[in-house]
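Read off the chains here:
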Amino acid sequence: MQQAPSLHLPPTSQGTLLRGRIAYSQFQQGYRTGLEPILMAAAVAARPGQHVLEIGCGAGAGLLCLMHRVPDLHGTGVEKDSETAALARTNLLANKKVQASVITASFPEGVPELLRFDHCMTNPPWHTPTGTASPEPRRDLARRMDMQTLPLWIKGAAAVLRHKGSLTLALPTALTDRAIAELSAHGFGGVTLYPFWPKTGREARILLIQAKLGVKSPARVLSGLTLHEADGAFTPQARDVLENGTALPGL
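What comes next is a walk through the structure. (Residues numbered from 1 in each chain as written. Predicted model: local features only at pLDDT ≥ 70, side-chain atom pairs only at ≥ 80, totals over all residues. Heavy atoms only, no water.)

This paragraph deals with the overall build of the chain. Looking only at helices and strands, the chain features seven helices and eleven strands. Counting the 251 residues in the chain, one finds 49% classified as buried. Taking the intrachain contacts of the chain between residues at least 6 apart in sequence as the baseline, contacts between residues at least 24 apart amount to 69%. Working note: accessible area of the chain is about 12,100 Å², and carbon and sulfur atoms make up 53% of it. (Helix = DSSP H or I, 4+ residues; strand = E, 2+ residues; numbered from the N terminus. Buried < 20%, exposed > 50% of the residue type's maximum accessible area, 1.4 Å probe, protein only. Contact = heavy atoms within 4.5 Å. Areas by Shrake-Rupley, 256 points an atom, 1.4 Å probe, with all protein chains shown as cover.)

Once that is clear, we can look at empty space enclosed by the protein. This structure, assessed with the given rule, holds three cavities of 30 Å³ or more. Lining of the largest cavity is provided by Leu-18, Ile-38, Ala-41, Ala-42, Cys-65, Arg-69, Val-241, Gly-245 and Thr-246. Among the secondary structure elements, those contributing two or more residues to the lining of the largest cavity are α1 (36–41) and α2 (61–69). In this structure, the second largest cavity spans a volume of roughly 40 Å³. (1 Å grid on protein atoms, 1.4 Å probe; cavity = no way out; pocket = protein on both sides within 12 Å on 5 of 7 lines; lining within 4 Å. Points joined across faces, edges and corners; volume = space filled by probe spheres on them.)

Below, the discussion takes up the packing of helix α5 (residues 149–160) against helix α6 (residues 176–185). It is the contact of α5 with α6, at a shortest axis distance of 9 Å, that shows an interaxial angle of 35°. Relative to α6, the crossing made by α5 is right-handed. For the pair α5 and α6, the contacting residues are Leu-150, Pro-151 and Ile-154 in the first and Arg-178, Ala-179, Glu-182 and Leu-183 in the second. (Axes fitted to C-alpha atoms, helices over the stretch in contact; angles between N-to-C directions. Left-handed = near helix turned anticlockwise from the far one by under 90°.)

This next bit is on the pattern of salt bridges. A complete count under the given rule lists two salt bridges for this structure. A salt bridge links Glu-243 to Arg-19, with the shortest nitrogen-to-oxygen separation between them at 3.1 Å. Of this pair, Glu-243 sits in helix α7 (residues 236–244) while Arg-19 sits in the loop between β1 (12–17) and β2 (22–27), and the two are 224 residues apart along the sequence. On the basis of relative accessible area, Glu-243 is assigned to the buried category, the value being 19%. Residue Asp-118 pairs with Arg-162 through a salt bridge whose shortest N-O separation is 3.2 Å. In this pair, Asp-118 is assigned in strand β6 (residues 117–122) and Arg-162 in strand β7 (residues 161–172), connecting sequence segments 44 residues apart. On the accessibility criterion, Arg-162 (36% relative accessible area) is partly exposed. (Salt bridge = Lys/Arg side-chain N within 4 Å of Asp/Glu carboxyl O.)

Let us look at the side chain of Gln-26. Along the chain, Gln-26 turns up in strand β2. Polar side-chain contacts of Gln-26 include one of 2.7 Å to the backbone nitrogen of Thr-33. Discounting residues that sit within four places of it in the chain, Gln-26 has contacts with Pro-11, Thr-12, Ser-13, Tyr-31, Arg-32, Thr-33 and Leu-87. (Polar contact = N/O pair within 3.5 Å; in protein donor to acceptor, adjacent residues only side chain to side chain.)

On to the layout of surface pockets, then. Empty space within the second largest pocket amounts to approximately 410 Å³. Along the walls of the second largest pocket sit 26 residues, with Ala-45, His-119, Ser-166, Gln-210 and Lys-212 positioned nearest its centre. Breaking the lining of the second largest pocket down by element, the ones donating at least two residues are β6, β7, β8 (188–197) and β9 (206–213). A total of five residues in the lining of the second largest pocket trace back to one element, the largest contributor, which is β7. Residue composition of the lining of the second largest pocket, by class: ten nonpolar, nine polar and seven charged. (Nonpolar A, V, L, I, M, F, W, Y, C, P; charged D, E, K, R; others polar.)

The element β9 is largely enclosed, with a buried count of seven among its eight residues. By the bridge criterion, seven bridges tie β7 to β9 in an arrangement that is antiparallel. Note that in β9 the partner of Ser-166 across the bridge is Lys-212. Where β8 lies against β9, seven bridges are found, and the strand directions are antiparallel. (Pairing = 2+ DSSP bridges.)

Only a minority of non-glycine residues have a phi that is not negative, and only a minority of peptide bonds are not trans. In the segment running from Phe-107 into Pro-108, the intervening peptide bond is cis, with an omega of 10°. Structurally, Pro-108 can be placed in the loop between β5 (100–104) and β6. Of note in this structure, Leu-18 is not a glycine but carries a positive phi near 55°. Among the secondary structure elements, Leu-18 is positioned in the loop between β1 and β2. Its relative accessible area of 3% is what places Leu-18 among the buried residues.

Our next topic: the pairing of β6. Counting buried positions over the six residues of β6 gives six, a clear majority of the element. Relative to β6, strand β3 (residues 51–55) runs parallel, the two being bridged by four bridges. Counterpart to Leu-53 in the pairing with β6 is Cys-120. Sheet topology note: the β6/β7 ladder contains five bridges and is parallel. When the bridges of β7 are listed, His-119 appears paired with Ser-166.

Dropping the structure here:
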């Protein structure tokens, strides 16, 4: 069971996820949660009683959304920043997710070797280390990826997943080739690409890459999800996921 955080946290703002279904606090300064953790959580085919790990869990949005959709999950987050990890624990407690815990550590060395998971998911930093640094250290940690982060996290996921366990990555499309190469190198197969189209006829900029450990199924590219109508409003299918917490269609 979670213990209430003892750190004195920076100022937070109180909000919600899934149109009020989940209480969710964020720091007023620094990185703010986007759509990606919600979309990622909607892709994980977890079942009640299974164990799920979110790598780089931030303030816990991914875990909260997945545990809202699938009852009786055992959730674990690992987060390097101690204040962000404490905020994730606060958010989990606020939503009575007592079958969840957050480890304050780098991944994978901070996860005990004896822990095994049915699913891993992660929305890693997207920007290269040569990009402009943010003046806010917590935002910079969440946004800029060391060149070894993606291979290290994929290798680490392979070490903690059970056979045929799934790994779900939320990534920019520019990292597709790197991610697939690393997945193959570490024993993953059955790679599935799920693109998100900003509007009909627009090029996808983000996608989910999902694979299973120890399987040899061929890769697939799914039809994905169009996020916005021509006027900028969310499509009905996107609203179902982002507001009602449903699973992604067609996955």
